[in-house]
Each structure stands twice: as C-alpha cells, then as structure tokens.
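Next come the chains, spelled out residue by residue.
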Amino acid sequence: ELKVEQNPLFLSMQEGKNYTIYCNYSTTSDRLYWYRQDPGKSLESLFVLLSNGAVKQEGRLMASLDTKARLSTLHITAAVHDLSATYFCAGGAQGGSEKLVFGKGTKLTVNP
Amino acid sequence: DVKVTQSSRYLVKRTGEKVFLECVQDMDHENMFWYRQDPGLGLRLIYFSYDVKMKEKGDIPEGYSVSREKKERFSLILESASTNQTSMYLCASSPAGEGEQYFGPGTRLTVT
C-alpha cells in the first residue's frame, strides 16, 4: 500500500530565502503530483512528474522526482509572501489505479 | 479549462438529516472522486467512481454513499448526518488513464 510522507508539515520562512519541501513515498509509484491550496480554497495543480529525473519549474517553484530514492522535492527560491499556502504532494497508487494518495500537506508561511 | 463545480460552498445541517452533495464536471472525465479534508489529517478518499453506475470504496466510506447516474455528475450522500461528519468535502475528476485530478471549490459542511 502506497504511503506518502511530507516534511516539514509546517514551514515559516523569511522573504528572499530558499527552502525545500520533501515528499517521500513508500512503494513504487510512477507519477507524482504537487498541488497548492490557499486558505479556504480548493486544490490547484502545480506540477506533474511522470519519470525518473523529471524536473519542472514555474516561477520561484521547482519540483523534481527521483524514483530510485522514492523522493520528490519542491524547491522554493527567493520566497515571496504570495507563496504562502499549503502544498500537497500525491503519488499514484499501485497497480495502475487512478487513485492518488496524498501527503498531509506542508503549510508554508512566508514572512516579510 | 476543466471545470468542476460543487452545489454549495457552505452547508449547515442538523444531526440525522439526509444530506446530498453534488459535483458536476464539464470535461467528459471518466473518473470522479469524493474526499474529505480535516486539519492534521490531509485528504482522505471517501468514494471513487470510474464510470457511470460504477463505484469503489475509498479509505473512509462508512456513513456515506454515492450515486453516479450520468457521466458528468457524482453525488455524495450522508444518509443520517452526524457531527463527526462536519468537514470540508472536495470533489475531483480525472480522465481515464491519467492521474492528475482537477478539484472543485469544496463544500464546507457543518452538522449541528
């Protein structure tokens, strides 16, 4: 059974700093997704990572996937206040199932 | 753009009432999902449907049922609402064979 663990669960950082959110998963998963959720809002898709070594970038966010290490990272560069949100990673469940297993989310607060 | 809509943003019901939450997607997606989201617990899958009239239990189906009579519509039913079903309910859809899920705006349900 696929399990997905994110850390840290809470992250408070200063504007302009860099940081990385980690997403570990327990068994083979061939796809990994990152979502963003603003307070009181729904989830918005950020990145889809489908192969080992995949790297995607959008603005100050960069996501990567290492299937051998069963690890995905979301790197934040020169954080700004607008990035404050909760970030979720999700892995595809085994056996070709179309269900996703979500991590518990990382609540990011960027302070001026 | 994929659009997933949910019938209500906020709902207040009394204990014992039958509650219907409706979700509609406009992109002809085969898969539809119902999750609940609670602080500290992340997203938990209640039910999943991969075709009209087809459904599969998720991680926490107890106290819920679902209906999918048309491809675009997926309903979540609380047969007899209880206070422990107070939560944020999120609907999502995805095409067959792809994992990326598109989420609706969510329904915040309060059961008093």
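Scroll up to find the structure.
Thresholds, definitions, all that
Residues numbered from 1 in each chain as written. Chains lettered and ligands numbered in written order. Predicted model: local features only at pLDDT ≥ 70, side-chain atom pairs only at ≥ 80, totals over all residues. Heavy atoms only, no water. Helix = DSSP H or I, 4+ residues; strand = E, 2+ residues; numbered from the N terminus. Rg over C-alpha atoms; globule rule 2.2 N^0.38 Å. Contact = heavy atoms within 4.5 Å. Buried area = accessible area lost by both parts, 1.4 Å probe. Salt bridge = Lys/Arg side-chain N within 4 Å of Asp/Glu carboxyl O. Polar contact = N/O pair within 3.5 Å; in protein donor to acceptor, adjacent residues only side chain to side chain. Phe/Tyr/Trp six-rings, centres within 6.5 Å; stacked < 30°, edge-to-face > 60°. Buried < 20%, exposed > 50% of the residue type's maximum accessible area, 1.4 Å probe, protein only. Pairing = 2+ DSSP bridges. Axes fitted to C-alpha atoms, helices over the stretch in contact; angles between N-to-C directions. Disulfide = S-S within 2.5 Å.

A short note on the overall build of chain B
1) Next: When its secondary structure is counted, chain B shows zero helices and 11 strands.
2) Next: Counting from the amino terminus, chain B carries its helices and strands in the arrangement β-β-β-β-β-β-β-β-β-β-β.
3) Next: In terms of overall size, chain B behaves like a compact globule, its C-alpha atoms giving a radius of gyration of 13 Å where 112 residues would be expected to give roughly 13 Å.
4) Next: Overall, chain B is about 40 × 25 × 25 Å in size when its C-alpha atoms are taken along their principal axes.

Looking at the interface of chain A and chain B
1) Next: Across the boundary between the two partners, chain A contributes 16 residues, which contact 25 residues of chain B.
2) Next: Counting each side, the surface lost to burial between chain A and chain B is near 1,500 Å², with a carbon and sulfur contribution of 53%.
3) Next: Linking chain A with chain B are one salt bridge.
4) Next: Note that Glu56 of chain B and Lys99 of chain A form a salt bridge whose closest N and O atoms lie 3.1 Å from each other.
5) Next: Summed over the shared surface of chain A and chain B, the result is eight residue pairs in polar contact (both at pLDDT 80 or more).
6) Next: Contributing elements (two or more residues each) for the side of chain A that touches chain B: strand 4 (32-37), strand 5 (43-49) and strand 10 (100-102) of chain A.

Examining the packing of aromatic side chains
1) Next: Applying the stated criterion across every chain, the model contains nine aromatic pairs over all chains.
2) Next: Note on Phe102 of chain A and Tyr35 of chain B: the rings are 5.6 Å apart at their centroids and 85° apart in plane angle, and the pair reads as edge-to-face. Of this pair, Phe102 of chain A sits in strand 10 while Tyr35 of chain B sits in strand 4 (residues 31-38), which puts the two residues in different chains. The same class applies to Phe102 of chain A as to Tyr35 of chain B, namely buried.

A short note on the side chain of Gln25 of chain B
Residue and element names in this part refer to chain B.
1) Next: Here Gln25 shows up in strand 3 (residues 19-25).
2) Next: Residue classification places Gln25 among the buried positions, given a relative accessible area of 2%.
3) Next: Polar contacts involving the side chain of Gln25 include one to the main-chain carbonyl oxygen of Lys71, which spans 3.3 Å.
4) Next: When sequence neighbours within four positions are dropped, the list of residues in contact with Gln25 reads Lys3, Val4, Met32, Arg68, Lys71, Glu72 and Ser93.

Quick look at the sheet that holds strand 8 (residues 71-76) of chain A
Residue and element names in this part refer to chain A.
1) Next: Strand order across the open sheet formed by five strands is 1-3-8-7-6, with antiparallel pairing between neighbours. Taken across any chain shown, the strands that pair with only one partner, and hence form the sheet edges, are strand 1 (4-7) and strand 6 (55-58). The sheet shows a mean angle of 15° between the axes of neighbouring strands, taken without regard to direction.
2) Next: When strand 7 (residues 61-66) meets strand 8, the two strands line up antiparallel, connected through six bridges. In the strand pairing of strand 8, Asp66 is matched with Leu71.

A word on the pairing of strand 7 (residues 64-70) of chain B
All names here are of chain B.
1) Next: Bridging between strand 7 and strand 8 (residues 73-78) involves five bridges; their strand directions are antiparallel. Pairing of Lys70 across the sheet is with Arg73, part of strand 8.
2) Next: Hairpin connection from strand 7 to strand 8: two residues lie between these consecutive antiparallel strands.

Quick notes on the pattern of salt bridges
1) Next: Counting across every chain of the model gives 10 salt bridges over all chains.
2) Next: A salt bridge links Arg36 of chain A to Asp38 of chain A, with the nearest nitrogen and oxygen atoms 2.8 Å apart.
3) Next: Taking the shortest distance from any N to any O, the salt bridge between Glu79 of chain B and Lys18 of chain B comes out at 3.6 Å. You can see Glu79 of chain B sitting in the loop between strand 8 and strand 9 (87-94) and its partner Lys18 of chain B sitting in the loop between strand 2 (10-13) and strand 3, a full 61 residues away along the chain.
4) Next: Taking relative accessible area as the criterion, Lys18 of chain B reaches 45% and is therefore assigned partly exposed.
5) Next: Each of Asp28, Glu30 and Lys71 of chain B takes part in a single network of salt bridges with overlapping partners.

Here's the deal with the state of the cysteines
Residues and elements named next belong to chain A.
1) Next: In the structure shown here, the tally under the stated rule is two disulfides over all chains.
2) Next: At a sulfur-sulfur separation of 2.0 Å, the disulfide partner of Cys23 is Cys89. Every disulfide takes its handedness from the sign of the S-S torsion; for Cys23 and Cys89 that torsion is 85°, giving right-handed. In this pair, Cys23 sits in strand 3 (residues 19-25) while Cys89 sits in strand 9 (residues 85-92), placing the two residues 66 residues apart along the sequence. The same class applies to Cys23 as to Cys89, namely buried.

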